[in-house]
Structures are given as structure tokens and as C-alpha cells.
There are 2 protein chains.
Amino acid sequence: MAQDLPLNKENILDAAEQVLRRYGPDKTSVVDVARVLQVSHGTLYRHFASKSALREAVTERWLERSITAPLETIANQAGGSSSGRLRLWLETLIRSKRTYSVDDSEMFAMYAAVTLEAVEMITVHVDRLIQQVAQIVEEGIKSKEFKSGSSSEGVAKAIFIATSRFHHPSHAYEWVEEKTNEEFDAVFNLILSGITKSS
Amino acid sequence: MAQDLPLNKENILDAAEQVLRRYGPDKTSVVDVARVLQVSHGTLYRHFASKSALREAVTERWLERSITAPLETIANQAGGSSSGRLRLWLETLIRSKRTYSVDDSEMFAMYAAVTLEAVEMITVHVDRLIQQVAQIVEEGIKSKEFKSGSSSEGVAKAIFIATSRFHHPSHAYEWVEEKTNEEFDAVFNLILSGITKSS
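Keep in mind that this is a model prediction, so the values were computed, not measured.

All right, on to the relation of the copies chain B and chain A then. The relation between the two chain copies is a rotation about an axis coupled with a shift along that axis. With an RMSD of 0.0 Å, the operation that places chain B on chain A is a rotation of 180° combined with a shift of 0.0 Å along the axis. These values place the two chain copies in the arrangement generated by a two-fold rotation axis. Considering only C-alpha atoms, the part of chain B nearest the rotation axis is Gly194(B), at 1.7 Å. When the interface residues of chain B are mapped onto chain A, 100% of them again lie at the interface, so the same face is used by both copies.

With that settled, the discussion passes to the pattern of salt bridges. All names here are of chain B. One pass over the structure, following the stated rule, counts 28 salt bridges over all chains. Close ionic contact of Glu-17 with Arg-21 constitutes a salt bridge, the shortest N to O distance being 2.9 Å. Of the two residues, Glu-17 and Arg-21 are both situated in helix H1 (residues 9-23); the distance of 4 residues between them amounts to about one turn of the helix. With a relative accessible area of 29%, Arg-21 lands in the partly exposed category. Arg-165 is paired through a salt bridge with Glu-183; the nearest N and O atoms lie 2.8 Å apart.

Time to look at empty space enclosed by the protein. Space left empty within the atom packing is revealed by a probe, the size of a water molecule, rolled over the atoms. Enumeration over the complete set of coordinates arrives at 1 cavity of 30 Å³ or more. By volume, the largest cavity is sized at about 30 Å³. Lining the largest cavity are Ala162(A), Leu190(A), Ile191(A), Ala162(B), Val187(B), Leu190(B) and Ile191(B). For the lining of the largest cavity, the elements supplying multiple residues, two or more each, are helix H10 (180-195) of chain A together with helix H10 (180-195) of chain B. Per-class residue counts for the lining of the largest cavity are 7 nonpolar, no polar and no charged.

Here Lys147(A) shows up in the loop between helix H7 (119-142) and helix H8 (152-162). Lys147(A) sits in the partly exposed class, given a relative accessible area of 33%. For the pair Lys147(A) and Lys197(A), spaced 50 residues apart in sequence, the C-alpha separation works out to 4.8 Å. Sequence-distant contacts of Lys147(A), that is, excluding residues within four places in its chain, are made with Ile141(A), Ser193(A), Gly194(A), Ile195(A), Thr196(A), Lys197(A) and Ser193(B).

Time to look at the domain arrangement of chain A. All names here are of chain A. Domain annotation for chain A reports domain 1 (2-47) and domain 2 (51-195). Each partner contributes residues to the interface: domain 1 has 14 residues there, and domain 2 has 12 residues. Summed over both sides, the interface of domain 1 with domain 2 buries roughly 1,300 Å², with 61% coming from carbon and sulfur. Inspection of the region where domain 1 meets domain 2 yields 5 salt bridges. On inspection of domain 1 and its partner domain 2, the count reaches 7 residue pairs in polar contact (both at pLDDT 80 or more). Listed by contribution, the elements that provide at least two residues to the side of domain 1 that touches domain 2 are helix H1 (9-23) and helix H2 (30-37).

Here we come to the packing of H8(A) against H10(B). At a closest axis distance of 9 Å, the pairing of H8(A) and H10(B) adopts a crossing angle of 90°. In this view, H8(A) runs roughly perpendicular relative to H10(B), as classed from their interaxial angle. Of the residues in H10(B), those touching H8(A) at Gly154(A), Lys157(A), Ala158(A), Ile159(A), Ile161(A) and Ala162(A) are Glu183(B), Ala186(B), Val187(B) and Leu190(B). Split into classes, the residues belonging to the contact of H8(A) with H10(B) amount to 7 nonpolar, 1 polar and 2 charged.

The next point concerns the side chain of Gln132(B). Residue and element names in this part refer to chain B. Residue position: Gln-132 is located in helix H7 (residues 119-142). A relative accessible area of 3% means that Gln-132 is categorised as buried. In contact with Gln-132, not counting residues within four places along its chain, are Thr-68, Leu-71, Glu-72, Ala-75 and Trp-89.

It is worth spelling out the UniProt feature "DNA-binding region" (unreviewed entry) in chain A at this point. The UniProt feature table records "DNA-binding region" (unreviewed entry) at residues 29-48 of chain A. The straight-line gap between the two end C-alpha atoms of residues 29-48 of chain A is 11 Å; of that span, 75% is helix and 0% is strand.

All names here are of chain A. Close contact between helix H6 (residues 105-117) and H7 brings their axes to 6 Å; oriented N to C, the two are set at 105°. What the angle tells us is that H6 and H7 run roughly perpendicular. Counting all contacts with H6, which are made through Tyr-111, Val-114, Thr-115 and Glu-117, the residues of H7 involved are Val-119, Met-121 and Ile-122. Residue composition of the contact of H6 with H7, by class: 5 nonpolar, 1 polar and 1 charged.

Here we take up the interface of chain B and chain A. Contacts between the two partners involve 26 residues from chain B, matched on the other side by 26 residues from chain A. Of the roughly 2,100 Å² buried at the junction of chain B and chain A (both faces included), carbon and sulfur atoms supply 67%. For chain B, the biggest contributors to the area lost against chain A are Ile161(B), Tyr173(B) and Leu190(B); these three give 28% of the whole. At the boundary of chain B with chain A, the tally comes to 0 salt bridges. Summed over the shared surface of chain B and chain A, the result is 7 residue pairs in polar contact (both at pLDDT 80 or more). Of all elements in the fold, only helix H6 (105-117), helix H8 (152-162), helix H9 (164-167) and H10 of chain B reach the threshold of two or more residues within the side of chain B that touches chain A. For the side of chain B that touches chain A, the leading source of residues is H10(B), giving 8 residues.

Our next topic: the packing of aromatic side chains. Two measures describe an aromatic ring pair: the distance that separates the ring centres and the angle between the ring planes. Residues and elements named next belong to chain B. One pass over the full model with this rule turns up 12 aromatic pairs over all chains. Arranged with centres 5.3 Å apart and planes meeting at 65°, the rings of Trp-62 and Tyr-100 form a pair that is edge-to-face. Here the residue Trp-62 occupies a position in helix H4 (residues 51-76), and Tyr-100 occupies one in helix H5 (residues 82-103), the gap between them amounting to 38 residues. The class of Trp-62 is buried, set by a relative accessible area of 2%. Relative accessible area serves as the criterion here: at 24%, Tyr-100 is assigned to the partly exposed category. Taking 5.6 Å as the distance between ring centres and 85° as the angle between the ring planes, the aromatic pair formed by Phe-166 and Phe-184 counts as edge-to-face. Taken together, the positions of Phe-166 in helix H9 and Phe-184 in helix H10 put the pair 18 residues apart, joining distant regions of the chain.

Each value, and the rule that gives it
All chains use their own residue numbering, which begins from 1 and follows the written sequence. Written order decides the labels, with chains lettered from A and ligands numbered from 1. The predicted nature of this model means local features are confined to residues of pLDDT at least 70 and side-chain atom pairs, given and counted, to a pLDDT of 80 or more, with totals for whole chains, interfaces and linings taken over all residues. Hydrogen atoms and water are omitted, and side-chain values are computed over all heavy atoms in the structure. The copies are overlaid by a least-squares fit using only the C-alpha atoms of residues whose pLDDT is at least 70 in both copies. Should any heavy atoms of two residues lie within 4.5 Å, those residues are considered in contact. Any carboxyl oxygen of Asp or Glu that lies within 4 Å of a side-chain nitrogen of Lys or Arg is treated as forming a salt bridge with it. Numbering goes from the N terminus for both helices and strands, where a helix is a DSSP run of H or I of at least four residues and a strand is a run of E of at least two. Buried, partly exposed and exposed residues are distinguished by accessible area as a fraction of the type maximum, computed with a 1.4 Å probe on protein chains only: under 20%, between the cut-offs, and over 50%, respectively. Of the two site types, the cavity is a set of points on a 1 Å grid over the protein atoms alone where a 1.4 Å probe fits but cannot get out, and the pocket is an open set with protein on both sides within 12 Å along at least five of seven lines, each lined by residues with an atom within 4 Å of a point. Grid points are joined across faces, edges and corners, and a volume is the space filled by probe spheres set on the points. Charged means Asp, Glu, Lys or Arg here, nonpolar means Ala, Val, Leu, Ile, Met, Phe, Trp, Tyr, Cys or Pro, and polar covers whatever is left, Gly included. An automatic or database domain assignment supplies the residue ranges for each domain. As a working definition, buried area equals the accessible area (1.4 Å probe) given up by two parts on being put together, with both sides summed. Nitrogen and oxygen atoms within 3.5 Å of one another constitute a polar contact, given that in protein one can donate a hydrogen and the other can accept it, and given that sequence-neighbouring residues count only through two side-chain atoms. Note on definitions: angles span 0 to 180 degrees between N-to-C directions of axes, and those axes are lines fitted to C-alpha atoms, for helices only across the stretch in contact. We call two directions roughly parallel when the angle between them is under 35 degrees, roughly antiparallel when it is over 145, roughly perpendicular when it lies between 65 and 115, and oblique otherwise. UniProt positions are given in the numbering used here, feature names are shortened, and annotations may be inferred rather than shown by experiment. Here the aromatic set is Phe, Tyr and Trp, taking the six-membered ring for Trp, and pairing holds for ring centres within 6.5 Å; pairs whose planes are under 30 degrees apart are stacked, those over 60 apart are edge-to-face, and all others are tilted.

Given below as C-alpha cells:
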């Protein structure tokens, strides 16, 4: 069946994701994926030059589908307060990461490993998320809910970094603790009193 | 020579630190430390029941000496602005961590590993640091430089967590980047506008 599919990037990534989930990132090679696709490994190496390129591409697609796209919908929402939207955006990011770290632990572990290696891809991913936050901040400045003065992108970056404890994969081992929600409240309130216009 | 020393906790930790630095945390056993001290390992096991207890105790002493004590001096300083003292305290914490991660990389690697395991000891360490920040915040509230209203300890905890990116050992791999200073500026300004009284 597999050999009937055209060999495009999506098919390769589907097969690679399937193999990576089954054997784990350390044990999966380009050859394993070629076998599932019933193509020669030479053919597959033309698409992905190395095991790490394959892992990076699978993680990139997973991040786009699981994290970036759903958050984009929130950033684009109209109506409601900007602080409410900012909180929803952050809570959705944090809840997604926490859920995937448990329910999709193979992909999450691979993402955590790739974060330490594929600096360029992760930087692009993080920049897209910061752009979404900047959009929310920008709206808040326009509606005079948030203070003007600093660049919305600079503020968005600071907000993203200041909440690392709750969404950066290196902190995943700390997310199980009950007090995490309380700690997020404290950090969110600190951020909010930093950006909200005092009336 | 070693057998002339009384076998107290400090001597054991000195020997353990020396052995850990030489062989690395993974390869050091309680037996290796006993050999350096020229005592039986039975004797040493009465003081430290396991390899991990030994690592934890060495890390605890190292954190106290290298991080907590110097920061306490800053927290206790009188005079100057509270925002200035807060910034100095955070910058000293961040610079120390960054320096040790390079210049004392064996101890730093052990500390990073222990952070994932010795939750209790690390919690006590972090709580002491947060108390120091709370003291600085408290002074700032008293002098009317900082807003009153929230508990100084809650604010201190939020500040500590919001700066994790710059001092939590899991982020050490990101500290080499040049942009870290700029990012700290952005986060510190966000924090400061959250706590400073608008005049």
C-alpha cells in the first residue's frame, strides 16, 4: 500500500512520526522510515540528509499543528478585554504543553530534545508565538487598556520569557506540582500590573 | 595526613567535593570518598547513607557558599533605591550562575542534576532566596518606592519565577547567547513597571 503513495514531504513526515512514536527518537533511523515507506534509503536521504534533520522536521510540524495554530486562533479573536485574551492565550499555551508532556510523551520528549539542538527552528517557532502576543498587546494599547510607550513586540517578548517556567520544556518536570497554577497567577498578576494602564 | 583529621561533616564534604570534581558525579562513589579520607566505607555510610545523599550535601554547601551568602549581603544593604538593589541582586544571581556554569562546570553540572532530584533541598534553597527578594520588596514598599497592596513574599516569588530563564540551571544552554542581557533588561523593566508606584 505504502508504495502507491507519492513520496512527498507530508507522506515522509507521516511515516517518520509513526516510526518515531513506535521506537523513540534515539532508536529511529532514516533507514527505518525508508523501510516503512518501502523506498530505498538513498531516496529518503535526498529528502532528509540525516536522522536529526528528520527529527527536526517532524517536531516542526508537530509544533505548528499542536501549539502555534490553535494559539493563532486566540490571538486573532475580536471582542473581550485584551488582558482576558492574553490570559487565555498564555493558559492555553501552558495547558497544551502540560497535556502533551503527559498524553503525548514520546513527541514531547522529542520536542524537548530538539529544543536543545535545533536552535534555528525553535527560534522561528518562538518568534511566531511572540508575534501573536505582540498582536494582543497592540490591541490592548489601541483600546487604551494597556500602557503605550514601549514597543508591543518588546513587551510581548518580555511576557513570553517571564512565563518560561510554565511553558519551556526544560521545566516540564516541575509542572506536576499542584502549586504551579498558583504560581502562574502570581506571575500573571505581576505582568498585568506592569502593562495595564492605571485608571 | 587525612587520618589525623577529625571525621566531621565539613571534612567529609571537603573530601567529597574534591573527589566529585576529579571524577565527576556519575563516577564518584561513597567508597572513593572513604578512600581519600582513609576510613572504612562503613564509617562513611554512617554519615551519608548513599551516593545521592553525598552529592546533595556537597551541592547544598556549594549553593550556600557560592550563591546564597553573597546575595544575602546585597539584600541586607542599606541606602540607595530599592529598584537599584533589586536589580543588583538579580544581576548578581544571574552573573554568578553564568560564571559558575563555565568556570566551575563540574560543580554546576552536579547542581543542575541535583536540582532534578533533591526537590526538598532545592525548595529550601529557593525559599531562602525568595525571602531575600521579599526583604528588598518590603523596604521598597516602606519607602513608598514600590506599590503596597500585595504581599511582599508573593511579589518576590513572582519576580523569582519570572526571571527563571536567566538563573534556572535548565536554561544554562541558552545563557551563552549575546541577547540574554537585552532580554533580561526587557523582563526587568516589565517587572519594575509592575511594582513601582506611579508618581
